[in-house]
Amino acid sequence: QVQLVESGGGSVQTGGSLRLSCAASGRTFSSVDMGWFRQAPGKEREFVGGISRSDYNPRYADSVKGRFTISRDNAKNTVYLQMNSLKPEDTAVYYCAASPNAGLGWRTYDYNYWGQGTQVTVSS
């Protein structure tokens, strides 16, 4: 079992920045891949990016590439999502997720454990 708690959401104007954190407990953090997803009202949950347990090489959705950065600190059992140049279309509830399966999946069913989500609102 892995318990995940996100923090750092809030409201910003277009062009602003936020950093989300996701603290993990339970299973050894270094044994899971970590992903970030988001869900806007009326839309399906979508992959934002992820970082593997092994090579620390992040992977991003095209919509956020160049603006968002994912990192992890295994000593703190925490994964981060740095979001820069935010746009109104980035408004959503952001979730972190953990997967014990290798391969850094991008689908929701690739992940077994989910946080409760944190709201990000970007105003124009």
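It should be noted that the structure appears before, not after, this text.
Nothing here was measured: the structure is a model prediction, and the numbers come from that model. (Residues numbered from 1 in each chain as written. Predicted model: local features only at pLDDT ≥ 70, side-chain atom pairs only at ≥ 80, totals over all residues. Heavy atoms only, no water.)

(A) Geometry of the pairing of strand β11 (residues 118-123). The alternating pattern of β11 places Thr118, Val120 and Val122 on a buried face and Gln119, Thr121 and Ser123 on a face that is not buried. Inspection of the sheet shows strand β2 (residues 10-13) paired to β11 by 4 bridges, in the parallel sense. Its bridge partner being in β11, glycine 10 is matched across the sheet by valine 120. Note that strand β9 (residues 92-99) and β11 share 3 bridges and pair antiparallel. Within β11, the position partnered with tyrosine 94 by the bridge is threonine 118. (Buried < 20%, exposed > 50% of the residue type's maximum accessible area, 1.4 Å probe, protein only. Helix = DSSP H or I, 4+ residues; strand = E, 2+ residues; numbered from the N terminus. Pairing = 2+ DSSP bridges.)

(B) Main features of unusual backbone geometry. The backbone of asparagine 77 shows a phi angle near 55°, a positive value even though the residue is not glycine. Mapping asparagine 77 onto the fold places it in the loop between β7 (68-73) and β8 (78-83). On the basis of relative accessibility, which here comes to 29%, the residue asparagine 77 falls in the partly exposed class.

(C) Highlighting the packing of aromatic side chains. Summed over the entire model, instances satisfying the criterion amount to 5 aromatic pairs. Aromatic pair tyrosine 95 and tryptophan 114: ring centres 6.5 Å apart, planes at 80°, arrangement edge-to-face. Linking tyrosine 95 in strand β9 with tryptophan 114 in strand β10 (residues 113-114), this pair joins segments that are 19 residues apart in sequence. A residue is classified by how much of its surface remains accessible, and tyrosine 95, at 12% relative accessible area, is buried. The structure contains a cluster of three or more aromatic residues connected by ring pairs, namely Phe37, Phe47, Tyr95, Tyr111 and Trp114. Note that arginine 45 overlies the ring of tryptophan 114, its terminal NZ or CZ placed 4.9 Å from the centroid. The lysine or arginine in question, arginine 72, covers the ring of phenylalanine 29, its NZ or CZ lying 4.5 Å from the ring centre. (Phe/Tyr/Trp six-rings, centres within 6.5 Å; stacked < 30°, edge-to-face > 60°. Lys NZ or Arg CZ within 6 Å of the ring centre and 35° of its normal.)

(D) Examining the side chain of aspartate 33 more closely. By the secondary structure assignment, aspartate 33 is in strand β4 (residues 33-39). On the accessibility criterion, aspartate 33 (2% relative accessible area) is buried. Here arginine 53 takes part through its backbone nitrogen, which lies 2.8 Å from a polar atom of the side chain of aspartate 33. Side-chain polar atoms of aspartate 33 contact the backbone nitrogen of leucine 104, separated by 3.0 Å. Among residues more than four places away in sequence, those in contact with aspartate 33 are Ile51, Ser52, Arg53, Arg72, Ala97, Ala98, Ser99, Asn101, Ala102, Gly103, Leu104 and Tyr111. (Polar contact = N/O pair within 3.5 Å; in protein donor to acceptor, adjacent residues only side chain to side chain. Contact = heavy atoms within 4.5 Å.)

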